[in-house]
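Commentary on secondary and tertiary structure
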Amino acid sequence: MALIVKDILYKKLEKAFEKLGYDKELITIAYANKPEVADYQCNSAFAIAKKVGKNPVEIATKIAEELSTAEEFDAVVSMPAFINIKLKDEFLMQVAEAVLEDEESLIKKPERKMTVVLDYGGANVAKELHIGHLRSPIIGEALYRLYKLMGHNVISDTHLGDWGLQMGLTIAQLEEDGYLEGYFGRGKNKEITLDTLNEEYPKASKRKAVEEAFKQKAEKYTVYIQKKQEPFWTIYTDIRNLSVEKIKDNYLTLGCHFDLWYGESNAYPYINKTVQIFKDKGLTREYEGALVVDVALEGENIPIERKSEDEPQRYKNPMPPVKIKTHDDADVYATTDIATIMMRNKDYNPDRILYIVDFRQGQHFTRVFRATKMAGISPKEQELIHIAYGTMNGADGKPFKTRSGETVKLQDIIDMLYEKSSQRLAENGITDNPELAMQIGVASMKFGDLSNVVSKDYVFDLDKFSSFEGRTGPYIQYTGARINSLLEKGENNIGKIYVSSNEERNIIVNLIKMYDSFVTSYNDNSLNSLCMSLYNLASAYSLFYNNIKVLSEKDETKKKSYLALSKVVLKALKLGLNTLGIDMPNKM
Ligand code: ARG
């Protein structure tokens, strides 16, 4: 059986409305305001009354009468003219049994199976991962799991930033500092480590802004790499391998996996073809030596009148053209993104590509998507979606930084999470369990992040995120661990599930809401609704756990039912956490 209570309700209301001659557009179903009285409510009678000029109570009564034969629920009119819908205990028992048998009863799989590529992670080679690369893998991994659960064919690709100027800059700096003599046949190489890269890239980046000659050299080197010219290509490959190792290590700690460890560079074989298509279709023009594609629509790029000749021209609704080749024939960010779409279409022919990238890149994606559609590189029906996430802020409401105002490295965040959860565990008397500490640390971070609407900014509050109480990842984990130990003590002796108390009822109603939340999270591409429902289910279980003495229950049938219901909750919590990319430890 499926838990599609809203669908069942809707169908029955539809039938009733049809029979009574009411407009089906007016059907509304909401969770009840007073959960002690009802589970759902239908407030349509007011709108119908207005339309047909009759008494709302009369209308509500008629609708309730039509619903009276339903097996799943009772419908009762309450003043002024609500229809309260309360699920029957027998039905709730069936729901719980269904989840016990298979927790995937909590999932409504869409009829249409899609192939979906998810692009997340997006670390840049030669630069250490920093805080800006935290949200993408967290959100991406969760969406990946959610889409898989929905039955789609999913492929994740981390799309490393490995084709841009940063590579030329790093190599130019390394050369000047004498690391690369061997590669150039002028002597011996000096050993390059991650620390070397962490020093050399920022150095180069600063120089670029003030030393024109150095900048030009770096640009030239970038082109050499992109043309696979030696020894630049070998140097590049060595640096890439070195940093990818560290990136993999960081992502793995965060429980983020990728099917493809591709980068911008993998689109190399498609770049010439891509550029040629734009040229053949007459979509390109030259601008200051570079090759660009105009993508602005009507109503964009409206010139704003200038007050004087020297004032630069500004535009209302600016939509600058996409640059696909620089003046010295180098590929840029947009070029590789467009060529990558061509590559993905050839390899997987996806129905949808999701880009989980910071909202600040909104215009980049708008332009890339438009250009790709104009050129016919992406077929009309293919969905290209930018999941634009907001910023992780510090307590001051500004992007999270170190105390001295520097960008925080991803490794630093991982260390902070680990330390904090170790401390929390120690307060509970658990020491020396690094694996558990990391599981809890990751749960703090991921749940703290994912419980917000994806597009919104949020404040990184480690104290709050890591608490074992409240709306946090560790609280859900803790509830699961508690159930686990209860089941062990009860020797897993489960039986048929009965519903006799409000506490039990409440648990099952929350399971049904969890079913809805999976659908909502999937439709919104945002996991906040799933997070909320996990918290509500865990809270409902805590009430049950505190009020009902399971292990000391004398009545065997009841005890077995309690244990079975506990197991249902554990299964549901596990499924939910797993979807968020969070582990459920057995003990904590
Ligand atoms: N490397 C990019 C950055 O650090 C993110 C890549 C996002 N994905 C993409 N297909 N453009 O900003």
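Structure's up top.
Re the pattern of salt bridges
- Applying the stated criterion to the full structure yields 34 salt bridges.
- A salt bridge links Lys88 to Asp74, with the shortest nitrogen-to-oxygen separation between them at 3.9 Å. Of this pair, Lys88 sits in the loop between β4 (82-87) and α4 (89-101) while Asp74 sits in strand β3 (residues 73-78), and the two are 14 residues apart along the sequence.
- The exposure class assigned to Asp74 is partly exposed, which follows from its relative accessible area of 39%.
- A single network of salt bridges, built from pairs that share partners, joins Glu175, Glu176, Glu181, Arg186, Arg207, Glu211 and Lys217.

Topic: helix α9 (residues 232-253)
- For α9, which comprises 22 residues, the first-to-last C-alpha distance of 32 Å matches the rise-based estimate of 32 Å (1.5 Å per residue) to within 8%.
- Buried residues of α9: Phe232, Ile235, Tyr236, Ile239, Arg240, Ser243, Val244, Lys246, Ile247, Asn250 and Tyr251, and no others.
- Where α9 is buried, its residues meet α5 (135-149), α6 (165-176), α7 (194-210), α8 (212-226) and α13 (410-427).

Quick word on the site of the ligand
- All residues adjacent to the ligand are Asp119, Gly122, Asn124, His133, His159, Tyr333, Asp337, Tyr355, Val357, Gln361 and Phe365.
- At 2.7 Å from a nitrogen atom of the ligand is found a side-chain nitrogen or oxygen belonging to Tyr333.
- Asp337 places a side-chain nitrogen or oxygen 2.8 Å from a nitrogen atom of the ligand.
- Burial of the ligand by the protein amounts to 87% of the accessible area it has alone, namely 350 Å².
- At the level of elements, α11 (333-347) and β12 (352-358) are the ones that each hand at least two residues to the shell around the ligand.

Concerning the side chain of Gln173
- Checked against the element boundaries, Gln173 lands in helix α6.
- Side-chain polar atoms of Gln173 contact the side chain of Arg207, separated by 2.9 Å.
- Apart from residues lying up to four places away in sequence, Gln173 is in contact with Glu200, Lys203, Ala204, Arg207 and Phe214.

Section: the pairing of strand β5 (residues 115-119)
- In terms of burial, β5 is a largely internal element, five of the five residues being buried.
- For β5 and strand β6 (residues 153-157), the ladder comprises five bridges, and the chain directions are parallel. Along β6, the bridge assignment pairs Asp119 with Asp157.
- In this region the chain leaves β5, passes through α5 and returns to the parallel neighbour β6; the handedness of that crossover is right-handed.
- In this structure, β5 lies alongside β12, joined through four bridges in parallel fashion.

Digging into the sheet that holds β12
- Taking strand neighbours across the sheet as the criterion, the four strands line up as β6-β5-β12-β13 in an open arrangement whose pairing is parallel. On the outer flanks of this sheet lie β6 and β13 (383-389), each paired with one strand and no other. Neighbour-to-neighbour, the strand axes of this sheet turn through a mean angle of 20°, independent of strand direction.
- Its contacts with the sheet put α5 on β5, β6, β12 and β13, and the angle it makes with β12 is roughly 155°.

Rules behind the numbers
Residues numbered from 1 in each chain as written. Predicted model: local features only at pLDDT ≥ 70, side-chain atom pairs only at ≥ 80, totals over all residues. Heavy atoms only, no water. Salt bridge = Lys/Arg side-chain N within 4 Å of Asp/Glu carboxyl O. Helix = DSSP H or I, 4+ residues; strand = E, 2+ residues; numbered from the N terminus. Buried < 20%, exposed > 50% of the residue type's maximum accessible area, 1.4 Å probe, protein only. Expected span 1.5 Å × (residues − 1). Contact = heavy atoms within 4.5 Å. Near = heavy atom within 4 Å. Polar contact = N/O pair within 3.5 Å; in protein donor to acceptor, adjacent residues only side chain to side chain. Areas by Shrake-Rupley, 256 points an atom, 1.4 Å probe, with all protein chains shown as cover. Pairing = 2+ DSSP bridges. Right-handed = clockwise from strand over helix to strand, strands pointing away. Axes fitted to C-alpha atoms, helices over the stretch in contact; angles between N-to-C directions.

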